[in-house]
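# Architecture and fold: a report
Residues per chain, in single letters:
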Amino acid sequence: WNVYNDLNQFSIGFPTFKRDESRLGRPVATEHTMYSTTSQLWAVGAKRGLTNRDKAGDEWDSEFVKYSFKDDVALADRPVAQKVAVEFWSSQPNYAVTWNYDRVSNTYLRANAGKVHMDNNTKKQFAPKNVVILYMKEGRANDGYEGNLHEIFGTKGTGRAVVFQDGEEIAAIWKKKDREGRTVIVNSKTGREIEFNRGQIWFQIVP
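Residues numbered from 1 in each chain as written. Predicted model: local features only at pLDDT ≥ 70, side-chain atom pairs only at ≥ 80, totals over all residues. Heavy atoms only, no water.

Secondary structure assignment for the protein yields three helices and 15 strands. Each principal axis of the C-alpha atoms in the protein carries an extent, and together these give about 50 × 45 × 35 Å. The buried share of the protein, reckoned over its 207 residues, is 27%. For the protein, the accessible surface area stands at approximately 14200 Å², while carbon and sulfur atoms represent 52% of it. (Helix = DSSP H or I, 4+ residues; strand = E, 2+ residues; numbered from the N terminus. Buried < 20%, exposed > 50% of the residue type's maximum accessible area, 1.4 Å probe, protein only. Areas by Shrake-Rupley, 256 points an atom, 1.4 Å probe, with all protein chains shown as cover.)

One broad trend across soluble globular proteins is that nonpolar side chains are buried collectively. In terms of nonpolar packing, the biggest core is built from 13 residues, with Val84, Val86, Trp99, Tyr108, Val131, Ile133 and Phe164 touching the most fellow members. Those elements giving two or more residues to this core turn out to be β4 (83-86), β5 (97-102), β8 (130-135), β11 (157-165) and β15 (201-206). Ranked by residues supplied to this core, first place goes to β5 with three residues. With sequence-adjacent residues up to four places away left out, Ile133 is seen in contact with Val86, Arg160, Ala161, Val162, Phe164, Gln204 and Val206. Formed by 12 residues, the second largest nonpolar core is a distinct cluster that contains Val132, Ile170, Ala172 and Trp174. (Core = buried A, V, L, I, M, F, W, Y, C linked by side-chain atoms within 4.5 Å. Contact = heavy atoms within 4.5 Å.)

This part covers the layout of surface pockets. A volume near 640 Å³ is recorded for the largest pocket. Broken down by class, the residue content of the lining of the largest pocket amounts to eight nonpolar, five polar and four charged. (1 Å grid on protein atoms, 1.4 Å probe; cavity = no way out; pocket = protein on both sides within 12 Å on 5 of 7 lines; lining within 4 Å. Points joined across faces, edges and corners; volume = space filled by probe spheres on them. Nonpolar A, V, L, I, M, F, W, Y, C, P; charged D, E, K, R; others polar.)

Here the focus is the sheet that holds strand β12 (residues 168-176). Pairing is mixed in the open sheet, where five strands are placed in the order β13-β12-β11-β8-β15. Of all the strands in the sheet, the pair left with one neighbour each is β13 (184-187) and β15. Neighbour to neighbour, the strand axes of the sheet diverge by 30° on average, direction disregarded. Pairing between β8 and β11: four bridges, direction antiparallel. Within β11, the residue paired with Ile133 across the bridge is Val162. (Pairing = 2+ DSSP bridges. Axes fitted to C-alpha atoms, helices over the stretch in contact; angles between N-to-C directions.)

As judged from the four bridges shared by β4 and β5, these two strands associate in the antiparallel manner. Across the sheet, residue Val84 finds its bridge partner in β5, namely Trp99. As judged from the six bridges shared by β5 and strand β6 (residues 107-112), these two strands associate in the antiparallel manner. Paired with Tyr101 across the bridge in β6 is Tyr108.

Quick look at the sheet that holds strand β7 (residues 115-116) now. Taking strand neighbours across the sheet as the criterion, the four strands line up as β4-β5-β6-β7 in an open arrangement whose pairing is antiparallel. Among the strands making up the open sheet, the edge pair consists of β4 and β7.

Have a look at this one:
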């Protein structure tokens, strides 16, 4: 059943999945050239008779718990500016990220390695309403790859987090009970789950 639900490139293949080596306008590794579309994957799911219910008739989201949301802070109460700089690794400046808060739109404009980070589909700069930095233990995957270069992060348990929204910085804690659990973000001071602004939430995991 799980394999049947797995809409991956190897079991489906062309034309639902196809390679486009020129989409980004520059050479990239082969593993970054495979594409599909949501509409094509929905079509495969429909053909297989997949719905929101499993074989037992249970809905997949029957016990799903949503994040809580709130209204944006009023424009008059927002700070003029805020700049957030986050490094993944101090030895790799090409991966350094900067978030510049835009007061009017109440969003965080993303830059990578000092350059504006654009969405290749919309040609607009990434601008989430919420930025969540999750500090997680970094290790090696030990998956047999040459030089053991693949990394893995400890996503279960608990750790430090920082939430940026409304031009403010909120000290937080992340919690994830098990593999299938939801990552919960709570305010360090109040202990209550954080309410996000309606819009995109960008989770950034760093060592």
